[in-house]
Amino acid sequence: MSAAGFFRLDRPLTPAEVAEIAGARLHEIRSAGESEIIIGVAPLDLARPGELAFYDRRRYAAALRLCRATACLLRSRDLDALPSGVIPLVTSEPHKAMARVTARLFPDSLRPQSLFSATGVSPGAIIHPTARLEPGVSVDPGAVIGPRAEIGSGSVIGPHAAIGPDVRIGRDCSIGANASIVCALIGDRVIVHPGARLGQDGFGFVLSPRGHVKAPQIGRVIVQDDVEIGANTTIDRGATRDTIVGEGTKIDNLVQIGHNVVIGRGCVIVAQSGLAGSCELGDFVGLGGQSAIGGHLTIGEGAQIAAKSGVTRDVPAGARWSGAPARPVRRHLRGELLLDRQARRDAR
């Protein structure tokens, strides 16, 4: 079976154009360098002529020596290890430079596109007569858009996505296949990947030994500009106040965000994390995979929570915590070391 390329090349780039896009410096050009073109990207050990690679960790030094790419993004300190046939593109941030170039080569890879490879509204979509779509909106077959919903120009609504009544979606957004959005206001350039659920009611009950009484959830979900929400992530609407996701925040797949949660700007939340109701994250907080934040807690600006941590109390700004229950990283590691020493003594 031949390999299929799922993303269309926008156009080939010369090494000089790659350097300009990446903010890199062409260290040297071979005699044939000006005629070289870049038509793809690949890992160091698999790259071939016509492709671009990058090197930013010394653990991959052996792969760098095997590189056969046309050009490679790397730091100046690593130039001596690069094979002589590869054009060096020197930058202090090779990974970031690679991301910029890849985005220019394959712009369709940046956000979900129409799975029907079409523009405009498909005849197979169901759109309420009172919904308002600006010119340039694409709607795939099977999508449902409810009454009074509004969608901005350049946005793409994937197949079988459900957009509820009165929902607002800004411009240049992408809503993936089978996503559902209700009770939500979405900003510009927001990406919602397939299967995500936004705006369903939160887990709110008044507990009683004679039966649990459901507490109505009448708030909204507010998603600000440039947010990305991963596949099968759920964001519950607020109870009496809004659930808010701040500008530029990136949320991975399979994340649960409870009602009334407030997430600041530029946060990064990795897969399978859970945020219980009414907790607050300051700007630029990082949560590692499978971390859990208890309800009504505050995580200070710039704090970092390690993977698999269970946070049970407020975290100061700029702190680095780990463990379950979570505590400052150094204290957690010292405790683990003491337990390990005791276990080895017992074993002897």
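Residues numbered from 1 in each chain as written. Predicted model: local features only at pLDDT ≥ 70, side-chain atom pairs only at ≥ 80, totals over all residues. Heavy atoms only, no water.

**Q** What is the right way to look at the overall build of the protein in this model?
**A** Regarding its fold elements, the protein presents four helices and 37 strands. Seen along its three principal axes, the alpha-carbon backbone of the protein occupies a region of about 80 × 75 × 40 Å. For the protein, the residues scored as buried account for 43% of the 348 residues in total. Counting only contacts in the protein whose residues sit at least 6 apart along the sequence, the fraction spanning at least 24 positions is 22%. Entry remark: accessible area of the protein is about 18100 Å², with carbon and sulfur atoms responsible for 55%. Side chains of the protein give 40 positive and 34 negative charges; the mean places of these two sets differ by 8 Å. (Helix = DSSP H or I, 4+ residues; strand = E, 2+ residues; numbered from the N terminus. Buried < 20%, exposed > 50% of the residue type's maximum accessible area, 1.4 Å probe, protein only. Contact = heavy atoms within 4.5 Å. Areas by Shrake-Rupley, 256 points an atom, 1.4 Å probe, with all protein chains shown as cover. Lys, Arg positive; Asp, Glu negative; His and termini not counted. Charge placed at Lys NZ, Arg CZ, Asp CG, Glu CD.)

**Q** Sorry, what's going on with the pattern of salt bridges here?
**A** Using the criterion set out here, one finds 15 salt bridges in the structure. Note that glutamate 134 is salt-bridged to arginine 171, the shortest N-O span being 2.9 Å. A residue pair is termed long-range when its members are at least 10 positions apart, and glutamate 134 in the loop between strand 7 (132–133) and strand 8 (138–139) and arginine 171 in the loop between strand 13 (168–169) and strand 14 (174–175) qualify at 37 residues. Overall, arginine 171 belongs to the partly exposed group, its relative accessible area being 43%. In this structure, arginine 189 and aspartate 225 form a salt bridge, with 3.9 Å as the shortest nitrogen-oxygen distance. Linking arginine 189 in the loop between strand 16 (184–186) and strand 17 (191–192) with aspartate 225 in the loop between strand 21 (221–223) and strand 22 (228–229), this pair joins segments that are 36 residues apart in sequence. (Salt bridge = Lys/Arg side-chain N within 4 Å of Asp/Glu carboxyl O.)

**Q** Explain the sheet that holds strand 26 (residues 256–257) to me, please; I cannot follow it from the model alone.
**A** Strand pairing in a sheet relies on backbone hydrogen bonds. The paired strands run either parallel or antiparallel. As summarised here, the arrangement of the 10 strands in space is 6-9-12-15-18-23-26-29-32-35, forming an open sheet in which the pairing is parallel. The open sheet terminates on both sides in strands that have one partner only, identified here as strand 6 (126–127) and strand 35 (310–311). Strand direction decides the pairing type here: strand 26 and strand 29 (residues 274–275), joined by two bridges, are parallel. Bridging across to strand 29, isoleucine 257 finds its partner in leucine 275. (Pairing = 2+ DSSP bridges.)

**Q** What is the right way to read the pairing of strand 4 (residues 71–74) from this model?
**A** Within a regular strand, side chains alternate between the sheet's two faces. Because side chains alternate across strand 4, one face comprises the buried residues Ala71 and Leu73, and the other comprises Cys72 and Leu74, equally buried. Strand direction decides the pairing type here: strand 3 (residues 51–54) and strand 4, joined by three bridges, are parallel. When the bridges of strand 4 are listed, phenylalanine 54 appears paired with leucine 73. Across four bridges, the pairing between strand 4 and strand 5 (residues 87–90) is parallel. Paired with leucine 74 across the bridge in strand 5 is valine 90.

**Q** Explain unusual backbone geometry here, please?
**A** Note on backbone geometry: most residues besides glycine have negative phi, and most peptide bonds are trans. Residues alanine 324 and proline 325 are joined by a peptide bond in cis, for which omega reads 0°. For proline 325, the location among the structural elements is in the loop between strand 36 (320–322) and strand 37 (327–328). The phi angle at serine 117 is positive, at roughly 50°, despite the residue not being glycine. Here serine 117 shows up in the loop between helix 3 (94–105) and strand 6.

**Q** Explain the sheet that holds strand 10 (residues 150–151) here, please?
**A** Pairing within the open sheet is parallel, and its nine strands lie in the order 7-10-13-16-21-24-27-30-33. Because the sheet does not close on itself, it has two edges, and the strands there are strand 7 and strand 33 (298–299). Relative to strand 27 (residues 262–263), strand 24 (residues 243–245) runs parallel, the two sharing two bridges. Within the sheet, the bridge partner assigned to valine 245 lies in strand 27 and is isoleucine 263.

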